[in-house]
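The residues making up each chain are set out below.
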Amino acid sequence: MGVIVYKCINCGGPLAFKAETQDWTCDYCLSQFTEEEVQQFIKKEEQSQEFSAEEQVREHEFQEKSVGYSCTSCGAEIVTDDTTAATFCYYCHNPTIIPRRLEGEFRPEKVIPFKLSKEKAAELFIAWCRKKPLLPRVFGSQSQLEKLTGIYVPFWLFDCDVSGNVQGKATKVRSYVRGDTRITETRHYRVGREGKAIFQGVPADGSKKMDDDLMAILEPFDYQDLEDFSMSYLSGYYAEKYDMDHNEVYPRVTQLLRTHMQTLLTNTIQGYSTVSIQHSNVKFHNVKVSYCLLPVWMFTYQFQGKTYVFAMNGQTGKIAGELPISKARAFAWFGGVAAGVFAILSAGGLFLW
Amino acid sequence: MVRRIFIIIAIFISFSPYLIYAEGTEERVFDQAALFSQSEKEQLENLVQSMIQHTELDIAIVTADDVQGKSSADYAHDFYNEHSLGYGSTADGLLYLINMDDREVYIYTRDRGYDYFDDSRIDKVLDQVVPYLSDGQYAKSAETFLHEAERIVLTEGIVTSPDGEEEGSIWTEFAIYLGISVVAGGAVIVVMILGNRGRSTVHEGTYLKDGSFQVTNRMDQYYTTTVTRQRIQRNRSGGSGPRIGGGGRSF
């Protein structure tokens, strides 16, 4: 059992998870399946292909070393890099899952299934582009958006208790006029705050392929939609397994939480004219981590010889990525605003003087 | 009659030392709070006298331990008038007051003295003298004031009032408008460029468990107050009567 292809129980056609309806609909006979029904299908498959423990070990070693897997539908070799957990057969385009890469320590605990279909994602992207005044006008047409790929990206979610303190100086300034003299009284204080907080579900992506900054902009995901992991959700999308474990991404999380905690504490220093923080200290306790797959639409866009990469939160539609800038439009805006301001100032100036 | 003349002469003679003193080297260091040693006082006196000659401004160093409830500015002003200080017909001059009653230093400027010292220059001088005063080096602070004041008068000259440019040509005005326009256009473009990409919306509350943040300890400890006084300058360029300015600071 190198790979899994979910097949319709009624007609044998390949099944993919549909974001619009949140179920599995067969494209061929239009049968709809719930998660339970799809799960039963896997169990049946597993029963019919049971392996002894010994065989599994051998099989495992063999597969770790082998470069490719065979498609169960057409028999062609499926070539992937070694972090891909779900993909499509290159030849028959059947959605294909490689379960070995989702087992053991690589088995995600939870998954947020895709909420936005490919069409909806493209629509949202175009709507987003329309609002950008500096974008070249030809950019963002539907036809160039074909390379939209839905990927389940491996994320580590951290829960932890945080305690910390900040110390600094603050002033209260009072200024008043007495006779011909302006008197400014500055009262100086030493200020400090100590506190604790609980942070939950702080995400950090565990894939080297994914740009950390791009992924950070997609946040936040709504964890209400977290489901227990089932491979069936991956059918019809790409999926990656992590290649950075939670220890590798932990520093990113602590750095973020450190600044968050400092901000929370500093915000409680109220009623002063100025506050400057000089020392701070943040500690982490009870760190818990869970491994999840979160949905991301990725697309690349070729424009005037340059490749632009965008990512969209497959749940909320939030977009990350930098758009090209049209120099002509930038110049037009600059000229227009500057000319307008100049005209108003000059008119005002001539009337006033 | 003869007796009368004799009495007048006697009175004249008995006052003459004061009159002679007043006509000759007039005292300009008034150490009422006794902050200077004899040698310091003589040294300052010499410095002041040479500076008066160089700058053509009257200069006085005053220390006081009782300002009779007046503000430093009022005390300096009254002292200046009572002692008929001032160089020339318009009473040009500077007065450096160390007010030990309020632990405050004040620089009083008058007429041409006022022309040399605007708020920012006074502030700069105060920046230099206050550390000495906090340290108890009163003579050193006065000496620093004298050197700084002389340097400003002789090298930096009279403060050019910004109002002087009001009569500038219409082209200067347009140049200023053009500058403002370019800055406004640039600011709009910068905002647009920043908006031309997806931005992070994660803030400190995003992953915070509701109600879990608690402050366990607070410290708000008052330790000192500093006071600055600034004379409000009205009509810098025009008007009749004496032009008076100044600024002070606590130490």
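Since the model is a prediction, treat every value here as computed from it, not as a measurement.

Novice: Just checking my understanding: could you explain helix 2 (residues 38-55) of chain B for this structure?
Specialist: Spacing of three or four residues puts side chains on the same side of an α-helix, whose turn is 3.6 residues. Residue and element names in this part refer to chain B. With 18 residues, helix 2 should reach 26 Å at 1.5 Å per residue; the first-to-last C-alpha distance of 26 Å fits that figure. Every buried residue of helix 2 is listed here: Leu44, Val48, Met51 and Thr55. End-on view of helix 2: buried residues confined to an arc of 70°, all on one side of the axis. Facing away from the buried side of helix 2, by more than 90 degrees, are the exposed residues Gln38, Ser39, Glu42, Asn46, Ser50 and Gln53. Contact partners of the buried residues in helix 2: strand 1 (29-31), strand 2 (58-64) and helix 6 (138-156). Of the residues one or two after helix 2, Glu56 is the one with positive phi, at around 55°.

Novice: Could you clarify how one ought to interpret unusual backbone geometry in this entry?
Specialist: Only a minority of non-glycine residues have a phi that is not negative, and only a minority of peptide bonds are not trans. The omega torsion of the bond from Glu219(A) to Pro220(A) falls at 0°, within 30 degrees of zero and hence cis. Relative to the helices and strands, Pro220(A) resides in the loop between helix 4 (212-218) and strand 11 (227-228). The residue Gln68(B) is not glycine, and still its phi comes out positive at about 55°. Positionally, Gln68(B) belongs in the loop between strand 2 and helix 3 (72-82). By C-beta crowding, Gln68(B) is classed as exposed, having 9 other C-beta atoms within 10 Å.

Novice: Can you help me understand the interface of chain B and chain A in this one?
Specialist: When the parts of a complex come together, some accessible area is lost, and that lost area is often used as the size of the interface. If you look at the interface, chain B gives 48 residues, while chain A gives 52 residues. Counting only elements with at least two residues in the side of chain B that touches chain A, the list comes to helix 7 (170-194) and strand 5 (214-231) of chain B. Taken together, the residues of the side of chain B that touches chain A sort by class into 21 nonpolar, 18 polar and nine charged. Examined bridge by bridge, strand 10 (residues 181-205) of chain A and strand 5 of chain B share 16 bridges and lie antiparallel to one another. When the bridges of strand 5 of chain B are listed, Arg193(A) appears paired with Arg218(B).

Rules and cut-offs
Throughout this document, residue positions are counted from 1 along each chain, in the order its sequence is written. Chain labels run from A onward and ligand labels from 1 onward, assigned in the order the entries are written. Local features in this predicted model are restricted to residues whose pLDDT is 70 or higher, and side-chain atom pairs enter the listing and the counts only when it is 80 or higher, whereas totals over whole chains, interfaces and linings include all residues. Secondary structure elements follow DSSP: runs of H or I of four or more residues count as helices, runs of E of two or more count as strands, with numbering from the N terminus. The span one expects for a helix is its residue count, reduced by one, times 1.5 Å. Working definition of burial: number of other C-beta atoms within 10 Å of the residue's own, with buried at 20 or more, exposed at 12 or fewer, and partly exposed in between, all C-beta atoms being placed from the backbone. In this description, the arc belongs to the directions extending from the helix axis to the C-beta atoms. A pair of residues counts as a contact when their C-beta atoms, built from backbone coordinates, are within 7 Å of each other. The nonpolar class holds Ala, Val, Leu, Ile, Met, Phe, Trp, Tyr, Cys and Pro. Asp, Glu, Lys and Arg form the charged class, and all remaining residues, Gly among them, are polar. Two strands are counted as paired when DSSP detects at least two bridges linking them.

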